Amino acid sequence: SLNDVVFPPTEEERHLRANDRELNLSYKYADNAIKTSKYNIFTFLPLNLFEQFQRLANAYFLFLLCLQSIPEVSSLPWYTTVVPLVLVLSMTMAKDGSDDMNRHRCDKQVNNRQVEVLVEGDLKRESSHSVFLILLSSSSRETNLKVKQALTVTGMLEDSVEKLSNFNGEVRCEPPNNRLDKFTGTLTLKGETYSLDNERILLRGCTLRNTQWCFGLVVFGGPDTKLMQNCGRTTFKRTSIDRLMNVLVLSIFGFLMIMCLILAIGNGIWEYQEGSKFAAFLPKGVNAPFSAFLTFWSYVIILNTVVPISLYVSVEIIRLGNSFYINWDRKMYYPKNDTPAEARTTTLNEELGQIKYIFSDKTGTLTQNIMTFNKCSINGKSYGEVRGGTGRVDFSWNNLADPKFCFHDNSLVEVVREGNPEVQAFFRLLALCHTVMPEEKKEGELYYQAQSPDEGALVTAARNFGFVFRSRTPESITVVEMGELVTYELLAVLDFNNVRKRMSVIVRSPEGKLTLYCKGADTIIFERLNPSCSNLTEVTTLHLNEFAGEGLRTLALAYKDIDPEYMEDWKLRHHVANTAMDEREEKLDALYEEIEKGLLLLGSTAVEDKLQDGVPQTIEQLSKADIKIWVLTGDKQETAENIGYSCNMLREEMNEVFIVSANTAEEVRKELQTARRKMTPDGTEEPTVKKSRSGLFCLQKTETVADEPVNGEYAMVINGHSLAFALEKDMEIELLRTACMCQTVICCRVTPLQKAQVVELVKKYKQAVTLAIGDGANDVSMIKAAHIGVGISGQEGMQAVLSSDYSFAQFRYLQRLLLVHGRWSYLRMCKFLRYFFYKNFTFTFVHFWYGFFCGFSAQTVFDEWFITLFNLVYTALPVLSLSLFDQDVNDWWSFQYPQLYTPGQLNQYFSKRAFVYTVLHSGYSSLVLFFIPWAAMYDTVRDDGKEIVDYQSFALLAQTCLLIAVSIQLGLDTHYWTAMNQFFLWGSLSVYFAVIFTMYSNGMFLTLTSSFPFIGTARNSLNQPNVWLTMLLTSVLCVLPVVAYRFLRILLWPTINDKVRGRGSTHLSLDKVLPPTPRRVQARRTSTRRSGYAFSHAQGYGDLVTSGKFLRRTPKSRTTPSLNSAFIARHRIKNENTVI
């Protein structure tokens, strides 16, 4: 169950005492240190080698090295294995060491943050800063975000070091667990026990603002903090190509054993039939079975090139290069914050080209969390339309106006200044009905601390239009109305909650007039209006629908005048209800319901939750690429829906948007089934589940739920409570079926753990590549759970970025990351793998065919130095240049045709089938490359009549034909030629000819006779025309089928890549054309959906703003950072990214 709390097995209750270090240390609780690194200076070498030899290819080559130490078996010099093995191990070790150094650096940064700890009456600075604490006292006066209040008994300690030193309260609380929304504990002080709950604690990862200092008692440290308990286990992420490569390497082992077995059997037969004729010349005679046994292992050494040891290091180099492209991409650089894109891992690039599902946070990821007052409807007239050529409204007449406020409709200012009573009452309501706190650092410089950014936007709008909220006390609100200072007596605050969806204030004007001002969801307000407002309600409804259709967040405003005698009676009844011990909430709600009737409508507001730049266009592009986007947010349903419409994820044209918000498991199941049946009336009740096996030795069982066809466009919105039931084992497939039929899925009010579980559900049953993107600490578990984690470096700190695989500053950069870098990386990696296997299998098969002509004696067909240098020198750089620089189409066409992304999702470029085709292609090429030179050299003489049918001349011809053939194949695979491609390709061929003329020279032979036996072979063979004609013939025969197949495929069965490349070739200079900046066209339409209460509001702020404690100013400020485990610590908040 999602609600299951994870407790460590050894701890049932946490107990600690303030200022008693000896007692607290005796429990041996976890300290504050965070450790994410893998190695230290002593374990690096052994652990890294152990990890590397877990790779089959590395372990195999170590085994080969052991075989080569046996003289009877060794058929190649030791250096043919040692050189590539050492090179691969060293390069991988250097990369792993660099990565772990970065992890050490991050750990050191976190663990060395300074804190002042109260020890024996003195504040001492200590390191380490990763804790969860109970708030004892603070200087905070703000209501922004979530309010945290100390207990009254500890709040009286203030910032007195003496009082805090004498504080000896004992805390007993729950053990470390993953519940962010709940905390249970007690504080015992002077014989009295006080309850501790979620409002008294500060979580690791939270940010305090406008708070100069706070003291706290640390309860959980380091790995015990609730955030770390929610982070989930860090797993080593591997791409699908990595997993496929492991399976293929294992298959290659099997294939190698079969080839060696065939050649060993051939050797046994040959020894039995032909070897007996040479028995007289051998000291021990002929033992055919033993000879076959030795030959088997000799061929294991000779044919080792079929097992790609250099494959892994080449893959790492390619991934590193493509990671640098992401880091260097100026089009993903955000100059406002000086934030470039960063590939924080180098092992996942190609999987960016295979994403099928994106799971996104909302606040700070899709939105800027900045609200702007855009439009309003007052007394039946709509204001805020932007007309052509209309500039910003001039508010210079108002000395207290906010200079950052932007509005474009001058007519609204005019009616306000003319004294229109309805318009002035509208803004008076906005200036009075709220829980905002003002702060005036300098005369006339007002700063509002709002519990939600939308409430701040409304109060700021009233401020600019002449109704300036100036100050408040628990009993009064002071407003500057059109330049005149007016103080209203605050009689009551009727607080917001999720059921009421509205808030009200009752005030008495200086003239003694009693008025109730109310704002809330339009559906709620309209039910409580006086019947005389019916005509105005109809007009306002039209305006509300228009605002909602543009994705704006709307509220309705109303008021009523109250009779003083009734008010006196109501206040008495309110006091009785407020002090009742039983059913207090119900009694208060009934009183609120009674007085909030017969309201007179003033109008409505429309606030825009500003999206990040380019969000709707990015979502549209990704949708065209057949990527499904799910939004997982902790915000409430109405807020999430509004953003869904703003992003064009939810649209009025959709057939239906399903709302799943049931309170029991059966009701949730019924709602999911009803939605599914509406989408597929003729569909089957039971899901189609395909069971299969995957992984090495097919040990991993997988279940895949098939996609079901849907006619029309649907969306689903589900809240966290319903999601908890839907994610249960017996209902998760029903949830998955219904959700995957929808084009858009929005999960609201979800916990960090639920986010991760949704991701895991899709990974488990869809076998699709997932990406999670977020910007806050509550997104860490989701980011870790997905195949790819992307962190946005925004306003909520760096926790998401530190846990991510890739990071950047804006959501819109995601389309470039996937559609350009991801697609190119996937394409390049697949091309590399196909070509790599092609050249290695071709190389190995030539050895195999030669075995039938050398008596299966394990003699090599090529020169030993060619065998050593083939993969390391002659073919290494050309294929790397292909894998680093190749593009099928440029970035402009990648944006113009997002459908180019689809082949990656379907694994079309590299799969088991593609591997089999590559092996068959290699088999054909090897037949040509062996038998054409063999036939051309057989019984052949030179121009001077001398024979050139010797082994060395044949070896030189065969290896030269091989190198030329694979180089031509590389040229055919290259779509995007650069100077580097040309240099490496022609340079490698030039190096080959330079090397053979050097190594086959008299000087090298005389220097090391045993190592360089091919004396004079190059100059004697390469001056013959028939040798060059043979090279030409083999090259043509190798290439001809490939060219013919590709020509027919493009002609008869063109892919979208072929079509786009063909179209691009007909344009001039398109490489330099930038993709047009898509403009978001605001739809001129209305919406039939009723808008929800637009606030990210929480209950309890009415009591807060009317309490004297809330407004108490502390006499002095402190300066300090951070905290330490199990002791009282003081924290100074200066930087908004400071983490507690």
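In this text, all values refer to a predicted model and were calculated from it rather than measured experimentally. (Residues numbered from 1 in each chain as written. Predicted model: local features only at pLDDT ≥ 70, side-chain atom pairs only at ≥ 80, totals over all residues. Heavy atoms only, no water.)

### As for the overall build of the protein chain
Per the secondary structure count, the protein chain includes 39 helices and 32 strands. By residue count, 56% of the 1140 residues in the protein chain fall in the buried class. If you take every contact in the protein chain between residues at least 6 apart in sequence, the share linking residues at least 24 apart comes to 75%. For the protein chain, the accessible area works out to roughly 49,900 Å², and carbon and sulfur atoms hold 56% of it. (Helix = DSSP H or I, 4+ residues; strand = E, 2+ residues; numbered from the N terminus. Buried < 20%, exposed > 50% of the residue type's maximum accessible area, 1.4 Å probe, protein only. Contact = heavy atoms within 4.5 Å. Areas by Shrake-Rupley, 256 points an atom, 1.4 Å probe, with all protein chains shown as cover.)

### Things to note about the confidence of the model for the protein chain
Residue-level pLDDT values for the protein chain average 81, and 84% of them are 70 or greater. Between residues 140-144, whose pLDDT stays under 50, and residues either more than four places distant or in other chains, the model counts 26 contacts. Within the model, the stretch residues 1066-1088 combines pLDDT values under 50 with 39 contacts to residues more than four positions away or in other chains. (pLDDT = per-residue confidence, 0-100.)

### Things to note about the sheet that holds strand E29 (residues 769-774)
In a beta sheet, neighbouring strands pair by backbone hydrogen bonds and run either parallel or antiparallel. If you trace the nine strands from one edge of the open sheet to the other, you get E10-E31-E30-E29-E11-E23-E28-E27-E24, paired in mixed fashion. Edge positions in the sheet fall to strand E10 (342-343) and strand E24 (656-660), since each of these pairs with one other strand and no more. Inspection of the sheet shows E10 paired to strand E31 (residues 806-808) by two bridges, in the antiparallel sense. Residue pairing in the sheet places Glu-342 in a bridge with Ser-807 of E31. On top of the sheet, helix H23 (residues 752-766) reaches strand E11 (355-360), strand E23 (628-632) and E29; it is set at about 170° to E11, its chief contact. (Pairing = 2+ DSSP bridges. Axes fitted to C-alpha atoms, helices over the stretch in contact; angles between N-to-C directions.)

### Concerning the packing of helix H10 (residues 309-328) against helix H26 (residues 813-851)
Viewed as axis vectors pointing N to C, H10 and H26 meet at an angle of 160°, and their least axial separation amounts to 11 Å. With respect to H26, the element H10 is oriented roughly antiparallel. Seen from above, H10 lies across H26 with right-handed handedness. Contacts between H10 and H26 involve Ser-310, Leu-311, Ser-314, Val-315, Ile-318, Arg-319, Asn-322, Tyr-325 and Ile-326 from the first element and Leu-817, His-821, Ser-825, Arg-828, Met-829, Phe-832, Leu-833, Phe-836 and Phe-837 from the second. Looking at side-chain class alone, the contact of H10 with H26 contains 11 nonpolar, five polar and two charged residues. (Parallel < 35°, antiparallel > 145°, perpendicular 65-115°, else oblique. Left-handed = near helix turned anticlockwise from the far one by under 90°. Nonpolar A, V, L, I, M, F, W, Y, C, P; charged D, E, K, R; others polar.)

### Description of the environment of Val-539
By the element assignment, Val-539 lies in helix H15 (residues 534-549). Remark: the alpha-carbon pair of Val-539 and Lys-381, spanning 158 residues in sequence, is separated by 8.2 Å.

### Considering the sheet that holds strand E7 (residues 192-196)
Spatially, the four strands line up as an open sheet ordered E1-E5-E6-E7, and their pairing is antiparallel. This sheet does not close on itself; its edge strands, each paired only once, are strand E1 (14-17) and E7. Between one strand axis and the next, the sheet turns by 20° as a mean value, whatever way the strands run. The pairing of strand E5 (residues 170-173) with strand E6 (residues 185-189) spans four bridges and is classified as antiparallel.

### Structural notes on the packing of helix H32 (residues 951-973) against helix H33 (residues 979-999)
The interhelical angle for the contact between H32 and H33, taken along N-to-C directions, is 170°, at an axis separation of 11 Å. When the axes of H32 and H33 are compared, the pair comes out roughly antiparallel. Judged by residue contacts, Leu-956, Gln-959, Thr-960, Leu-963, Ser-967 and Leu-970 of H32 engage Leu-985, Leu-989, Tyr-992, Phe-993 and Ile-996 from H33. A per-class count over the contact of H32 with H33 returns eight nonpolar, three polar and no charged.

### Overview of the packing of aromatic side chains
The relative placement of two aromatic rings is captured by the distance of their centres and the angle of their planes. For the coordinates displayed, the defined rule picks out 55 aromatic pairs. Considering the side-chain rings of Phe-848 and Trp-849, the 5.2 Å spacing of their centres and the 70° angle between planes classify their relative orientation as edge-to-face. For Phe-848, a relative accessible area of 9% corresponds to the buried category. Ring geometry for Tyr-850 and Phe-954: centres 6.4 Å apart, planes at 25°, overall stacked. With Tyr-850 in helix H26 and Phe-954 in helix H32, the pair connects residues that are 104 residues apart, well separated along the chain. Residue Tyr-850 shares its accessibility class with Phe-954, and that shared class is buried. Ring pairing ties together the aromatic residues Phe-255, Phe-832, Phe-836, Phe-837, Phe-841, Phe-845, Phe-848, Trp-849, Phe-852, Phe-856, Phe-910 and Phe-915, which thus form one cluster. When the ring centre of Tyr-448 is taken as origin, the NZ or CZ atom of Arg-463, which lies over that ring, is 5.5 Å away. (Phe/Tyr/Trp six-rings, centres within 6.5 Å; stacked < 30°, edge-to-face > 60°. Lys NZ or Arg CZ within 6 Å of the ring centre and 35° of its normal.)

### Comments concerning the side chain of Gln-810
Tracing the backbone shows Gln-810 in the loop between E31 and H26. Here Gln-810 falls in the buried class, since its relative accessible area comes to 8%. At 3.1 Å, the side chain of Gln-810 forms a polar contact with the side chain of Arg-812. Beyond its immediate stretch of four places on either side in the chain, Gln-810 contacts Tyr-334, Gln-612, Asp-613 and Ile-792. (Polar contact = N/O pair within 3.5 Å; in protein donor to acceptor, adjacent residues only side chain to side chain.)

### Some points on a nonpolar patch on the surface
Taken together, the side chains of Ile-258, Ile-262, Phe-852, Phe-853, Trp-934 and Tyr-938 present a nonpolar region at the surface, about 590 Å² in accessible area. One can find Ile-262 in helix H8 (residues 240-273). A residue is classified by how much of its surface remains accessible, and Ile-262, at 39% relative accessible area, is partly exposed. (Patch = residues over 30% accessible without salt bridge, like charges linked within 9 Å, V, L, I, M, F, W, Y side chains within 5 Å. Salt bridge = Lys/Arg side-chain N within 4 Å of Asp/Glu carboxyl O.)

### Let's talk about helix H22 (residues 732-741)
Judged by how many residues are buried, H22 sits mostly within the fold: nine of 10 residues are covered. Within the sequence span of H22, burial applies to Glu-732, Glu-734, Leu-735, Leu-736, Arg-737, Thr-738, Ala-739, Cys-740 and Met-741.

### A short note on the nonpolar core
Val-307, Phe-832, Leu-833, Phe-837 and Phe-862 are the most contacted members of the largest nonpolar core, which totals 101 residues. Of all the elements, H26 adds the most residues to this core, at 16 residues. With sequence-adjacent residues up to four places away left out, Phe-832 is seen in contact with Leu-311, Ser-314, Val-315, Ile-318, Val-879 and Ser-883. Within the second largest apolar cluster, 53 residues are counted, among which are Val-393, Ala-461, Leu-490 and Val-505. (Core = buried A, V, L, I, M, F, W, Y, C linked by side-chain atoms within 4.5 Å.)

### Details of helix H13 (residues 453-464)
Between its first and last C-alpha atoms H13 spans 16 Å; for 12 residues at 1.5 Å apiece the expected length is 16 Å, and the two agree. In terms of burial, H13 is a largely internal element, 11 of the 12 residues being buried. Among the residues of H13, Asp-454, Glu-455, Gly-456, Ala-457, Leu-458, Val-459, Thr-460, Ala-461, Ala-462, Arg-463 and Asn-464 are the ones counted as buried. Looking one or two residues past H13, Gly-466 carries a phi angle of roughly 105°, positive in sign. (Expected span 1.5 Å × (residues − 1).)

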